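# An overview of the molecular structure
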Amino acid sequence: MNIAQKFLDNLLQKPERILFSAISSGGHIIWQTSHTEILEQVLQILSCIKKAGIVKGERVAISFSKNSLLVPTHIAILAAGAVVVPLNSALTEREMAAVLDKAEVSLAIVEDRVFERVSKYAFNTTYPWWVKGESFQSSKDIHSLAQVLGNKDRLDLCVEQVEENDLALMLFTSGTTGRPKGVGLSHKNIAANLQSLIVEAWKIDEGDKLLHALPVHHIHGLGLGIYGTLYAKNSTVFLEKFDPTVVVNAVRSEKVTLFMGVPTMYSRILDVAEQSDFTTMRLFVSGSAPLSTELFRKFQEKFGITILERYGLTETIINSTNPLDGIRKAGTVGLALNGVEIEVFDPETFQKLSRGQTGEVWIRGANVFAGYWRDEESTKAAFHHDWFRTGDLGVFDEDGYLKIVGRIKELIIVGGSNISPSEVEIVFEKEPYFVEYAVAGLPDADLGEKVALFAVLREGEDESRVRRRLQEIADKELAAYKRPREYLFVESLPRNAMGKVERGKLKYFMK
Ligand code: AMP
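Here's a quick rundown of the structure. (Residues numbered from 1 in each chain as written. Predicted model: local features only at pLDDT ≥ 70, side-chain atom pairs only at ≥ 80, totals over all residues. Heavy atoms only, no water.)

Here we come to the sheet that holds strand β15 (residues 335-336). The strands making up a sheet are joined through hydrogen bonds of the backbone, oriented either antiparallel or parallel. Taken in spatial order, the 9 strands make up an open sheet running β2-β1-β10-β9-β11-β12-β13-β14-β15, and their pairing is mixed. The outermost strands of the open sheet, each flanked by one partner alone, are β2 (29-34) and β15. Relative to strand β10 (residues 235-239), strand β9 (residues 209-212) is paired through 4 bridges, and the arrangement is parallel. Within β10, the residue paired with L211 across the bridge is V237. Strands β11 (258-261) and β12 (283-286) of the sheet are contacted by helix α12 (residues 263-272), whose axis makes an angle of about 120° with β11. (Pairing = 2+ DSSP bridges. Helix = DSSP H or I, 4+ residues; strand = E, 2+ residues; numbered from the N terminus. Contact = heavy atoms within 4.5 Å. Axes fitted to C-alpha atoms, helices over the stretch in contact; angles between N-to-C directions.)

Written out as structure tokens, the structure is:
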């Protein structure tokens, strides 16, 4: 079943209903689209995609801000049977090139600001097609919409038939190696997870309105926020960027019922919101990074609202959630979703552990991806038979609620965005002034963690000169959120018996 078929079936109902809109930071509606308008745009874009010669299974990259073409473009790529590859517009040219290269993208649909960054690379290599989003609006290459709209049989013909395990979406995670890894999610992975999470666990329906302030290249804002909306038929109001005051005002003016955020957002909302601001709200969901017990409690005390925390990964979408109706426990990520198995294993012996024992969290179910794109080695390392090894350390409490207590892997999570130390380290590898250096996360009151670079300098090097030089490199080579916030010069780096730098101990090794 092509997930696009489900989205289109939903769009065929209630043609005039507004499904998506975007508001400015001043609270004005910038654009809004009805079911019919989205359908029309899907058909235009689908026609362009087919004209470009895209066939089932090919990868099509997309990088849009939250404009009115964003959603129709996603649906059209899926309907063509192609695989959507969302590109984070914050990436530098070099980082984008790595993703495009790995995914072997055949077509990229991007807006102007991104086009400038990818075009040089694109035209120098083999990618055959680059289309600016703007060109769709004036495209002469449009189906005769009147013939198609309102006629379900004709619309069905537009949707490419796929098998349930065929890929729908390819998202790139940093992983621990620093090489971007393509996580291919199938039509089945997405449909199964949206059904058990959005529809069954959170009971989201047409009466709900989501305020969307998350990025649209990540599984959280894209999979749950956008695909969730198309699946469950709630409506969605986009904010291009998160701003706590704008969120509070929008909740009131738009009568919002749902918000999905990362913990950093909640701490900022807490600072600016008044007690009476959230009377229309039904559900605040938190994920992507640990929500502190303190923040959970403060939110409860100030607003009488209990944030619902859930846990997931790009590779598995969502695994567990605190219950909508039952007890939401602070410091836990709740209970396994329907159709998802979660167990805690000893990562060395592969023994299943009991409640109260800490080990690695393993996941099995229809939500689990099949493997990393063209990367057998990483795929093999990530699975034990059909169990996906998350790399997270967890423990079940006495009621079966899961707590995430740490990470075996060394990812740094800055405000909900994952960064692997090695992808930061690699940009400094040609610099001559180090004896050795390594990157690790340090606690940060605002964003949870921050990137820090620890270096042992050669004798005679001037710390401030080196720091300036490193900052210049980071500014050029790394997306802003990946740049080190601290450059710490130390006497030596902690190493284990195998000579490997122990990143987890770095913070204790400051001079
Ligand atoms: P991503 O693939 O970017 O979604 O990142 C997945 C990682 O985020 C997981 O492996 C966890 O380490 C972390 N994560 C996601 N949700 C939570 C949560 N509620 N609590 C703690 N860590 C989380």
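What follows picks up the thread again.
So, on to the environment of M281. With respect to the helices and strands, M281 occurs in the loop between α12 and β12. For the pair M281 and V256, spaced 25 residues apart in sequence, the C-alpha to C-alpha distance is 6.0 Å. Excluding residues within four positions of it along the chain, M281 makes contact with V251, V256, T257, L258 and F259.

Below, the discussion takes up the pairing of strand β1 (residues 18-23). Two faces, one strand: in a regular strand the side chains alternate between the faces of the sheet. The element β1 is largely enclosed, with a buried count of 5 among its 6 residues. In this antiparallel pair of consecutive strands, β1 and β2, the connection spans 5 residues, and G27 shows a positive phi of 90°. Note that β1 and β10 share 4 bridges and pair parallel. Following the sheet pairing, S21 is matched in β10 by V237. (Buried < 20%, exposed > 50% of the residue type's maximum accessible area, 1.4 Å probe, protein only.)

In the vicinity of the ligand lie 17 residues, with H218, R310, T314, D392 and N418 positioned nearest. Within the side chain of H218, an N or O atom sits 2.9 Å from an oxygen atom of the ligand. Between the ligand and E309 there is a distance of 2.9 Å, counted from a nitrogen atom to a side-chain nitrogen or oxygen. Among the elements of the structure, β13 (308-313) and β20 (402-407) are those that each provide at least two residues to the shell around the ligand. The greatest single-element share of the shell around the ligand, amounting to 5 residues, is contributed by β13. Tallied by class, residues from the shell around the ligand come to 7 nonpolar, 5 polar and 5 charged. (Near = heavy atom within 4 Å. Polar contact = N/O pair within 3.5 Å; in protein donor to acceptor, adjacent residues only side chain to side chain. Nonpolar A, V, L, I, M, F, W, Y, C, P; charged D, E, K, R; others polar.)

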